[in-house]
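If you want the building blocks of each chain, they are given just below.
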Amino acid sequence: MNYSDPAQLEVDRTSGALRGSPSNYQKKLGDLAGIYRDQAAFEAQLAYRRDEVVYAVQDYRPSFGPNELIFGTTWMAPGRIGDEFFMTRGHIHARADRPEIYHGQSGRGVMLMESPDGEIRTIEISADVVCYVPPFWIHRSINVGDEDLVMAFTYPVDAGQDYEVIARSNGMRTLITTDGRGGWQTTPNPDWQPRTTSQIEAIHQSGARS
Ligand SMILES: [Fe+2]
């Protein structure tokens, strides 16, 4: 039998740099059209910040077999579009029964989670806080502080991401907005559309390995 190689990675908890990681990607403001409700505010910032990096991900992906784990870090700049803080596009795992763990390294964040039938949960993340995202929860991370947000994460290598699940419902059910006093609050998203029974069933069925 061939065995997968052990790996050593090193996290820089302020920059999010992951030494030993062979892969990374960045999302610039110009890549994030459609995720913020305030379109006018987004267009206004796009005019002069299109190429600014909003968040970056570095990860280590073993490719030996379907039971392995991906480990990585995510860095996100502080900022807002209108009342909404900078955030990731968000996703559900393509194999939706795969879970994920986030581990706060620095900064102040919120993990916004939505179940297929529309239940919302938020978990605040700061240094040394661990957030468990169970199977089947849509998840998005948000930088609610005024400093960089850095988190480490791990999830099964075969989980995959479905980024369209949020767009299909016109966003997540809840927005995370500034409370005007340096904190954050939840605001209902008036555009949100509940999933149909068949959409929910498709999510439940997505876990089986093909
Ligand atoms: Fe995920």
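This structure is a prediction, so every number in the text was calculated from the model and none was measured.

A.B. asks: I'd love a proper account of the pattern of salt bridges, names of residues and values included.
C.D. replies: One pass over the structure, following the stated rule, counts 13 salt bridges. Glu 10 is the partner of Arg 19 in a salt bridge, and the nearest nitrogen-oxygen pair spans 3.3 Å. The partner of Asp 158 in a salt bridge is Arg 98, and the shortest N-O contact between them spans 2.7 Å. Of this pair, Asp 158 sits in the loop between β13 (149–156) and α2 (164–168) while Arg 98 sits in the loop between β7 (84–85) and β8 (100–106); the two residues are 60 residues apart in sequence, bridging distant segments of the chain.

A.B. asks: Before we move on, can you summarise the layout of surface pockets with the specific residues and values?
C.D. replies: Any empty space left between atoms is shown by rolling a water-sized probe over those atoms. One number sums up the size of the largest pocket: a volume of about 360 Å³. In this structure, the largest pocket is lined by 19 residues; those nearest its centre are Gly 34, Ile 35, Ile 166, Asn 170 and Gly 171. Residues that form the lining of the largest pocket fall into these classes: nine nonpolar, four polar and six charged. Its boundaries defined by the atoms lining it, the second largest pocket holds a volume of some 270 Å³. Lining the second largest pocket are 20 residues; nearest its centre among them are Tyr 25, Val 57, His 91, Tyr 102 and Tyr 163. For the lining of the second largest pocket, the secondary-structure elements that each account for two or more residues are β4 (53–60), β8, β12 (138–143) and β13. Partitioned by chemical class, the residues of the lining of the second largest pocket number eight nonpolar, seven polar and five charged.

A.B. asks: Describe the nonpolar core, with residues and values.
C.D. replies: Core analysis: the largest hydrophobic core is formed by 45 residues, its most contacted members being Tyr 36, Phe 86, Tyr 102, Met 111 and Ile 176. Elements represented by at least two residues in this core include exactly α1 (39–49), β4, β5 (69–76), β9 (109–114), β11 (130–133), β12, β13 and α2. Broken down by element, this core gets its largest block of residues, five residues, from β13. Ignoring any residue separated from it by four or fewer positions in sequence, one finds Met 111 in contact with Tyr 102, Arg 121, Thr 122, Ile 123, Ile 125, Cys 131, Val 133, His 139, Arg 140, Ser 141 and Met 151.

A.B. asks: Give me the coordination of the iron ion: which residues, what numbers.
C.D. replies: The iron ion binds to the protein through His 91 (NE2), His 93 (NE2), Glu 100 (OE) and His 139 (NE2), with metal-donor distances spanning 2.0 to 2.3 Å. Geometry at the iron ion is irregular, judged from the four donor atoms that bind it and their angles of 83 to 166 degrees at the metal. Mapping the donors of the iron ion onto the primary sequence gives the spacing H-x1-H-x6-E-x38-H. Linking His 93 in the loop between β7 and β8 with His 139 in strand β12, this pair joins segments that are 46 residues apart in sequence. In terms of burial, His 93 and His 139 fall into one category: buried.

A.B. asks: Please give an account of the sheet that holds strand β3 (residues 23–28) that cites residues and values.
C.D. replies: The antiparallel open sheet is built from six strands, whose spatial order is β3-β4-β5-β13-β8-β11. Every interior strand has two partners, whereas the edge strands, β3 and β11, have only one. Sheet twist, expressed as the mean angle between neighbouring strand axes with direction ignored, is 20 degrees.

Calculation notes
Residues numbered from 1 in each chain as written. Predicted model: local features only at pLDDT ≥ 70, side-chain atom pairs only at ≥ 80, totals over all residues. Heavy atoms only, no water. Salt bridge = Lys/Arg side-chain N within 4 Å of Asp/Glu carboxyl O. Helix = DSSP H or I, 4+ residues; strand = E, 2+ residues; numbered from the N terminus. 1 Å grid on protein atoms, 1.4 Å probe; cavity = no way out; pocket = protein on both sides within 12 Å on 5 of 7 lines; lining within 4 Å. Points joined across faces, edges and corners; volume = space filled by probe spheres on them. Nonpolar A, V, L, I, M, F, W, Y, C, P; charged D, E, K, R; others polar. Core = buried A, V, L, I, M, F, W, Y, C linked by side-chain atoms within 4.5 Å. Buried < 20%, exposed > 50% of the residue type's maximum accessible area, 1.4 Å probe, protein only. Contact = heavy atoms within 4.5 Å. Donors = N, O, S within 2.8 Å, 3.2 Å for Na, K, Ca; no water. Tetrahedral: all angles 85-135°; square planar, octahedral: opposite > 155°, others 65-115°. Pairing = 2+ DSSP bridges. Axes fitted to C-alpha atoms, helices over the stretch in contact; angles between N-to-C directions.

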